[in-house]
There are 2 protein chains.
Amino acid sequence: MTLAERFGTDVFISGWGHTKFGSLPDETLESLVVRVAGEAITSAGIDPGQVDEIWFGQFNSGLWPLGFASSLALQVSDELFRVPATRVENACASGSAAIHSGLRSLLAGTARTVLVIGAEKMTHAPAEQVGAALLGADYELAGSESRTGFAGLFARVAEAYRQRYGEINDALGAIAAKNHANGMANPLAHLRKQFTPEFCSTTSEKNPMVAEPLRRTDCSPISDGAAALVLTTQPSTSAAQSPVRLLGFGQANDFMPANKRDPVEFAGSVAAWERARKMAGVGLDDLDLIELHDCFTIAELVMYEVLGLAERGKGRQVLEDGTVFRDGKLPVNLSGGLKSKGHPVGATGVSQHVMAAMQLSGTAGELQLPGARRAAVHNMGGLAVANYVSVLEAV
Amino acid sequence: MTLAERFGTDVFISGWGHTKFGSLPDETLESLVVRVAGEAITSAGIDPGQVDEIWFGQFNSGLWPLGFASSLALQVSDELFRVPATRVENACASGSAAIHSGLRSLLAGTARTVLVIGAEKMTHAPAEQVGAALLGADYELAGSESRTGFAGLFARVAEAYRQRYGEINDALGAIAAKNHANGMANPLAHLRKQFTPEFCSTTSEKNPMVAEPLRRTDCSPISDGAAALVLTTQPSTSAAQSPVRLLGFGQANDFMPANKRDPVEFAGSVAAWERARKMAGVGLDDLDLIELHDCFTIAELVMYEVLGLAERGKGRQVLEDGTVFRDGKLPVNLSGGLKSKGHPVGATGVSQHVMAAMQLSGTAGELQLPGARRAAVHNMGGLAVANYVSVLEAV
């Protein structure tokens, strides 16, 4: 049973927009939102007046003074006056939360055309403010001061993984190097730098330990950026590129307190993947590429196992046998991932869908994987607390 | 055409929970959320395991350190593990945003039972922090320091109204006194105090001017509180009370910058009302009561005109002829409104729906309006930027 069979309607990604990710001092939250919203509308070949609803993903948590940003996208055009606009938040999965909210509107029939935007402005804020904002996504640490911040949380995951399954230093270095190599071909990426696996897995002045065992190259950067999509129930006949069909989606939230969860299981991500996979009626063998949430390299390693690329404790195998590299059987994070592309929190989920859609419409430029037909996207908020998976298909 | 005819499914409010509103120093955001979620599930007569999705309305904007609160409701029961939970935000309309998101899930068929929660913890924070958080909902003032805060914004509305239509001092005093009188019968209300219209319309030591022409009695208080609803596509057969049918709903957002809008038109609220009214197939004469967003008394005065109770500039007439009082033709804010009941921002929209649902199920206690069959709820975020209307009917 596909999404269309289950809900009686299809959902297409018909157009998109995406700013460069990075330190963008000349941009405001508003300029980012307006830019990608306009790009997405143009790319979808629609008039602004055709937009029935706007869904906006942003974490914020004190990063930007305007705490009520849903209506910023109306600034794109006077034709957007009166369009319902809603902000959704699920920490680092806020972008996917906006997409999955918008697709409910299409399935419900409250809208036929939805504009989805994800954005975050981060680099203007002092490091301590950014650290405090991100810690706002953790049950125990919200409101506290932590020297290692969110890296400290994922370091605990890495530590637990290491104790259970053995050394992972080389695997984490290989993931960082792979994603940085992939990102070299992405003109929108924040960190376009090539590193060897050895550099990434070695502590040095240029690659200091952030939170044992995670080094700087294990951590995604703090970035500004935005991305947008137009979702429609009919393929747009005037779009700049082929539409992409949404085959399935799944969301699963987990308990907030870390002590209620196995740190290396990512049980919510397992549930989200199972839901999306079943709705799409696909297995791993049907996929050509995966964009997954590598906020820290350890997250990508665990996700190999969550998605079933490798058995539990054996995620490193798909690095060793080449599966997840550009020329492998199932490339992971061809865009460079959060690691190289950057991680403007609320934008990330939308960006992942845009990167996958570009591949499936054959418009990914230097990033293009020839013949890509199907992709999965995984995005999570907090330490696998809010989990989203989408399965996309070329039309 | 009703909601059920248009979307092929009915939506019922099958149960609810509601904390007292006020200064609740012993409560945390989590304890408030868990309390009302549990109450709503019990009141709906369902098992926690029947909840398919959770939608959480909260403004936050720096008021509470946990910036990622969607999953707090999972703490109610281990059976809620893996339930998709999403926070939505539309400033002071965040509660209605959660309800309207949840009902899309029911219309889409992604859920048959939805738990909706609205909550805000405010009184623990210093006054300046609360002021800054609330100013985060304004396009111009976000991030700035303003002596008069959000009251200053609505004072500009009052000033513009006064210049266009004449003196409103007595009308504002009458609204404040009415809502305080209504709130005397509401055990959940924050400010259960009776004031004469004369006291409310006179500047005094006990009723100082906050922002000319708005006095303290023109402003809703800063409150803690939470409210929750269970929405279902089938009436629950084991609920503690009769279900309430959602007949229609409408949302309309307006431009953020005030200079793009007529300050006394509330054009977005007009659009939301028209959409909800048309979907429900009702007119004003079909309604028995209205709960509307009286964050400041001037907002209630303008809303009389938006909803069509009076012509533009003549809102005071429905106070003079008694229409909107408890024993009038169409009582407004029988619950006490935001004015008396309190305004814990994210909770307000859910609270308004609960108050209306209690009336329609005949369980409103001392607040009960005999024979109430249909109600409208209006909730807005910012200065009429995010606007929501729901029309409810007794089953």
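What you see is a predicted model; the values in this text were computed from it and never measured. (Residues numbered from 1 in each chain as written. Chains lettered and ligands numbered in written order. Predicted model: local features only at pLDDT ≥ 70, side-chain atom pairs only at ≥ 80, totals over all residues. Heavy atoms only, no water.)

Draft legend 1. The arrangement of the overall build of chain A in detail. The helix and strand tally for chain A stands at 12 helices and 11 strands. Considered along the principal axes of its C-alpha atoms, chain A spans approximately 55 × 45 × 40 Å. For chain A, the residues scored as buried account for 67% of the 395 residues in total. Sequence separation of 24 or more characterises 78% of the internal contacts of chain A that already satisfy a separation of 6 or more. Accessible surface, chain A as shown: approximately 12,500 Å² in total, 49% of it carbon and sulfur. (Helix = DSSP H or I, 4+ residues; strand = E, 2+ residues; numbered from the N terminus. Buried < 20%, exposed > 50% of the residue type's maximum accessible area, 1.4 Å probe, protein only. Contact = heavy atoms within 4.5 Å. Areas by Shrake-Rupley, 256 points an atom, 1.4 Å probe, with all protein chains shown as cover.)

Draft legend 2. View of the pairing of strand β10 (residues 374-381) of chain B. Residues and elements named next belong to chain B. For β10, the buried fraction is high: seven of the eight residues fall into the buried class. Looking at chain direction, β10 and strand β11 (residues 386-394) are connected through eight bridges and run antiparallel. Paired with Ala375 across the two strands is Leu392, which belongs to β11. The hairpin formed by β10 and β11 contains four residues between the paired strands, and Gly382 there has a positive phi angle of roughly 70°. (Pairing = 2+ DSSP bridges.)

Draft legend 3. Structural detail: the interface of chain A and chain B. If you look at the interface, chain A gives 61 residues, while chain B gives 61 residues. Together, the buried faces of chain A and chain B total about 4,600 Å²; carbon and sulfur atoms form 57% of this surface. Applying the counting criterion to the chain A and chain B interface returns six salt bridges. Arg87(A) is paired through a salt bridge with Glu89(B); the nearest N and O atoms lie 2.9 Å apart. (Buried area = accessible area lost by both parts, 1.4 Å probe. Salt bridge = Lys/Arg side-chain N within 4 Å of Asp/Glu carboxyl O.)

Draft legend 4. Quick peek at the relation of the copies chain A and chain B. Mapping chain A onto chain B calls for a screw motion: a turn of 180° about the axis and a shift of 0.0 Å along it, with 0.0 Å RMSD after fitting. Each copy turns onto its partner about a two-fold axis. Using C-alpha coordinates, one finds that chain A approaches the rotation axis most closely at Ala108(A), a distance of 1.8 Å. The share of interface residues of chain A whose copies in chain B are also at the interface is 100%, consistent with both copies meeting through the same surface. (Least-squares fit on C-alpha atoms with pLDDT ≥ 70 in both.)

Draft legend 5. The arrangement of the UniProt feature "domain: Thiolase C-terminal" (unreviewed entry) in chain A in detail. Under the UniProt annotation, the feature "domain: Thiolase C-terminal" (unreviewed entry) is placed at residues 260-393 of chain A. Here residues 260-393 of chain A is 37% helix and 14% strand, with 36 Å between the C-alpha atoms at its ends. (UniProt positions renumbered as here; feature names shortened; annotations may be inferred.)

Draft legend 6. Here's a closer look at the packing of helix α6 (residues 169-183) of chain B against helix α9 (residues 297-306) of chain B. All names here are of chain B. In the contact formed by α6 and α9, the axes pass within 9 Å of each other and the chain directions differ by 100°. Taken together, the axis directions place α6 and α9 in an arrangement best described as roughly perpendicular. On α9, the residues that touch Ala171, Leu172, Ile175, Ala176, Lys178 and Asn179 of α6 are Thr297, Ile298, Glu300, Leu301 and Tyr304. Looking at the contact of α6 with α9 residue by residue, the classes come out as seven nonpolar, two polar and two charged. (Axes fitted to C-alpha atoms, helices over the stretch in contact; angles between N-to-C directions. Parallel < 35°, antiparallel > 145°, perpendicular 65-115°, else oblique. Nonpolar A, V, L, I, M, F, W, Y, C, P; charged D, E, K, R; others polar.)

Draft legend 7. Geometry of the pairing of strand β10 (residues 374-381) of chain A. Judged from the three bridges that link them, strand β9 (residues 289-291) of chain A and β10(A) form a sheet pairing that is parallel. Within β10(A), the position partnered with Ile290(A) by the bridge is Ala376(A).

Draft legend 8. Quick look at a negative patch on the surface. All names here are of chain A. Side chains of Asp170, Glu198, Glu320 and Asp321 sit close together on the surface and give a patch of like negative charge. Its place among the elements puts Glu320 in helix α10 (residues 317-320). We classify Glu320 as exposed; its relative accessible area is 62%. (Patch = residues over 30% accessible without salt bridge, like charges linked within 9 Å, V, L, I, M, F, W, Y side chains within 5 Å. Lys, Arg positive; Asp, Glu negative; His and termini not counted. Charge placed at Lys NZ, Arg CZ, Asp CG, Glu CD.)

Draft legend 9. Inspection of the side chain of Asp138(B) at higher detail. The topology assignment puts Asp138(B) in the loop between α4 (127-135) and α5 (149-165). There is no salt bridge for the buried Asp138(B), and the closest opposite charge comes from Arg156(B), which lies 5.6 Å off by N-O distance. Of the polar contacts made by the side chain of Asp138(B), one reaches the backbone nitrogen of Glu140(B); its length is 3.1 Å. In this view, Asp138(B) contacts Leu66(A), Phe150(B), Leu153(B) and Met256(B); residues no more than four positions away in its chain are not counted. (Polar contact = N/O pair within 3.5 Å; in protein donor to acceptor, adjacent residues only side chain to side chain.)

Draft legend 10. Quick look at the UniProt feature "domain: Thiolase N-terminal" (unreviewed entry) in chain A. UniProt's feature table lists "domain: Thiolase N-terminal" (unreviewed entry) at residues 18-233 of chain A, given in the numbering used throughout. Taken end to end, residues 18-233 of chain A has its terminal C-alpha atoms 22 Å apart, with 35% of it in helix and 15% in strand.

Draft legend 11. Structural view of the environment of His293(A). Residues and elements named next belong to chain A. You can see His293 is positioned in the loop between β9 and α9 (297-306). Accessibility expressed as a relative area gives 1% for His293, which makes it buried. The spacing of His293 and Asn259 is 34 residues in sequence and 22 Å in space, taken between C-alpha atoms. Each residue touching His293, except ones within four places of it in the same chain, is listed here: Cys92, Ala299, Leu338, His343, Thr348, Gln352, His378, Asn379 and Met380.

Draft legend 12. Fine view of the packing of aromatic side chains. Residues and elements named next belong to chain A. Counted by the stated rule, this structure contains 12 aromatic pairs over all chains. Pairwise contacts between aromatic rings join Phe150, Phe154 and Phe296 into one cluster. The ring of Phe255 carries Lys260 above its face, with NZ or CZ at 4.2 Å from the centroid. (Phe/Tyr/Trp six-rings, centres within 6.5 Å; stacked < 30°, edge-to-face > 60°. Lys NZ or Arg CZ within 6 Å of the ring centre and 35° of its normal.)

Draft legend 13. Molecular detail of the environment of Pro48(B). Residues and elements named next belong to chain B. Inspection of the secondary structure puts Pro48 in the loop between α2 (29-44) and β2 (53-57). Along the sequence, Pro48 and Leu74 sit 26 residues apart, while their C-alpha atoms lie 9.4 Å from each other. Pro48 has contacts with Ile41, Ser77, Glu79 and Leu80, leaving out every residue within four places of it along the chain.

Draft legend 14. How the structure looks around the nonpolar core. Counting residues in hydrophobic clusters, the biggest one holds 291 residues, and the most contacted among them are Phe154(A), Phe266(A), Ile298(A), Phe154(B), Phe266(B) and Ile298(B). Per-element tally for this core: the top contributor is α5(B), with nine residues. In contact with Phe266(A), other than residues within four places in its own chain, are Phe154(A), Val157(A), Ala299(A), Val302(A), Met303(A), Val306(A), Met380(A), Leu383(A) and Ala384(A). (Core = buried A, V, L, I, M, F, W, Y, C linked by side-chain atoms within 4.5 Å.)

Draft legend 15. Just the side chain of Thr19(B), in detail. Mapped onto the elements, Thr19(B) comes out in the loop between β1 (12-18) and α2. By relative accessible area, which is 5% here, Thr19(B) ends up buried.

Draft legend 16. The arrangement of the pattern of salt bridges in detail. All names here are of chain A. For the coordinates displayed, the defined rule picks out 34 salt bridges over all chains. Note that Arg156 and Glu140 form a salt bridge whose closest N and O atoms lie 3.9 Å from each other. You can see Arg156 sitting in helix α5 (residues 149-165) and its partner Glu140 sitting in the loop between α4 (127-135) and α5, a full 16 residues away along the chain. Measuring nitrogen to oxygen at the nearest pair gives 2.8 Å for the salt bridge that ties Arg277 to Glu274. Taken as a pair, Arg277 and Glu274 lie in helix α8 (residues 267-280) at a separation of three residues, close to a single helical turn. Glu274 sits in the partly exposed class, given a relative accessible area of 31%. One network of salt bridges, with partners in common, ties together Asp10, Arg245, Arg374 and Glu393.

Draft legend 17. Main features of unusual backbone geometry. The omega torsion across Glu212(A) and Pro213(A) is 5°, close enough to zero to call that bond cis. Its place among the elements puts Pro213(A) in the loop between β5 (209-211) and β6 (214-215).

Draft legend 18. Representation of helix α3 (residues 94-108) of chain A in the model. Residue and element names in this part refer to chain A. The end-to-end C-alpha distance of α3, which contains 15 residues, comes to 21 Å, matching closely the 21 Å that a straight helix rising 1.5 Å per residue would cover. Buried residues dominate α3, accounting for 15 of its 15 residues. Count one or two residues on from α3 and you reach Gly109, which has phi positive near 90°. (Expected span 1.5 Å × (residues − 1).)

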